[in-house]
Amino acid sequence: MEIKTDRPGLMTLVLFVAITAVGFLLWVPGLTLVWLILRALGISTNLWAMVEALSTAVAAAAVLSGGFVAYRELSEIANTRYMEVADRLFEELNSPQNIEARRWVFQELPDDPEEGLRTLSPEGQAHVKRVLNSLDRVAFLTQAGWIPNDLVMPWMHPMIAKSWEKLAPYVRYEQERRNEPYYYEHAAALAERCRAWREGSIADTEIRWVDDAL
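### Here we look at the overall build of the protein
Looking only at helices and strands, the protein has seven helices and zero strands in total. Tracing the protein from N to C terminus, the helices and strands come up as α-α-α-α-α-α-α. Counting over 214 residues, the protein shows a buried share of 27%. Within the protein, counting contacts between residues at least 6 apart in sequence, those at least 24 apart form 79% of the total. When the accessible surface of the protein is totalled, it reaches about 14,500 Å², and 60% of it is carbon and sulfur.

Written as structure tokens, this is what we have:
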């Protein structure tokens, strides 16, 4: 049976031992050199005191190396989590069903929500709900602390901004009609974060609509 080795864990252990050993090996010659210089100058020194200082230095090196390794591990964990979240966001926004739903919303949904809801077909309603639910899911995956905006907004902001441009009047209309101010409030918060990022990151924030878009 093949035995699998935890390579990241082994590398972490090797790195910890290496940093501690290097700290020890650098300190021993330095301590010896200082001791010899002090003796040459006729200054009385206590060898055991210097040995105690050496032990303290070794302990300090171990603590510092442990802190460095811990920081490295946390950075790797954060990067792995970011990649997982980004991958889920890409799958969510670029699934064929969601692309089709957004295209329908962009091209077919009337600007006036009262008129739109009165004439909305079951197919259209399904597309609208799919896009809104997708925005809610993206809002959940990008909530504060899970992934930095600057990692995901550069590629997903057009989809969010254009979707909300079309759907915001409908969400506000439904909030008032239902007396439910929390109706898709997470999608609305996502759209606001997207708007703030666009204003701070790109020169032209105007949304343009073109016929026969890809």
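Following the structure, the description resumes.
### Description of the nonpolar core
Generally speaking, a soluble globular protein has its nonpolar side chains buried in company with each other. Counting 33 residues, the largest nonpolar core has Met156, Ile160 and Trp164 as the members making the most contacts within it. If one sorts the elements of this core by residue count, helix H6 (residues 149–178) sits on top with 11 residues. Sequence-distant contacts of isoleucine 160, defined by excluding residues within four places in its chain, comprise Leu135, Val138, Met153, Leu190, Ala191 and Cys194.

### As for a nonpolar patch on the surface
Judged by side-chain polarity, Leu33, Ile37 and Leu41 come together as a nonpolar surface patch covering roughly 310 Å² of accessible area. For leucine 41, the location among the structural elements is in the loop between helix H1 (7–40) and helix H2 (47–93). Judged by its relative accessible area of 61%, leucine 41 falls in the exposed class.

### Observations regarding the confidence of the model for the protein
In low-pLDDT segments, the atomic positions of the prediction should not be examined closely. Scored by pLDDT, the protein comes out at a mean of 80, with 66% of its residues at no less than 70. Within the protein, the lowest mean pLDDT, 64, falls on H1, and the highest, 96, falls on helix H5 (residues 122–141). Across residues 1–6, confidence stays below pLDDT 50; counting only partners more than four residues off in sequence or on other chains, it has one contact.

### As for the environment of alanine 161
Looking at the element boundaries, alanine 161 is found in helix H6. For alanine 161, a relative accessible area of 13% puts it in the buried group. Residues alanine 161 and leucine 190, 29 residues apart in the sequence, show an inter-C-alpha distance of 9.5 Å. Not counting chain neighbours up to four residues away, the residues in contact with alanine 161 comprise Cys194, Arg198 and Ile207.

### Points about the packing of aromatic side chains
The tally for this structure, following the rule as stated, stands at three aromatic pairs. Relative to tryptophan 155, the ring of phenylalanine 90 has its centre 5.8 Å away and its plane inclined at 55°; by these criteria the two rings are tilted. Here tryptophan 155 lies in helix H6 and phenylalanine 90 lies in helix H2, a separation of 65 residues in the sequence. Pairing tyrosine 183 with tyrosine 184 gives two aromatic rings, centres 4.8 Å apart and planes at 85°, and the pair type is edge-to-face. Note on accessibility: tyrosine 183 and tyrosine 184 belong to one class, buried. When the ring centre of tryptophan 209 is taken as origin, the NZ or CZ atom of lysine 162, which lies over that ring, is 5.5 Å away.

Cut-off values and rules
Residues numbered from 1 in each chain as written. Predicted model: local features only at pLDDT ≥ 70, side-chain atom pairs only at ≥ 80, totals over all residues. Heavy atoms only, no water. Helix = DSSP H or I, 4+ residues; strand = E, 2+ residues; numbered from the N terminus. Buried < 20%, exposed > 50% of the residue type's maximum accessible area, 1.4 Å probe, protein only. Contact = heavy atoms within 4.5 Å. Areas by Shrake-Rupley, 256 points an atom, 1.4 Å probe, with all protein chains shown as cover. Core = buried A, V, L, I, M, F, W, Y, C linked by side-chain atoms within 4.5 Å. Patch = residues over 30% accessible without salt bridge, like charges linked within 9 Å, V, L, I, M, F, W, Y side chains within 5 Å. Salt bridge = Lys/Arg side-chain N within 4 Å of Asp/Glu carboxyl O. pLDDT = per-residue confidence, 0-100. Phe/Tyr/Trp six-rings, centres within 6.5 Å; stacked < 30°, edge-to-face > 60°. Lys NZ or Arg CZ within 6 Å of the ring centre and 35° of its normal.

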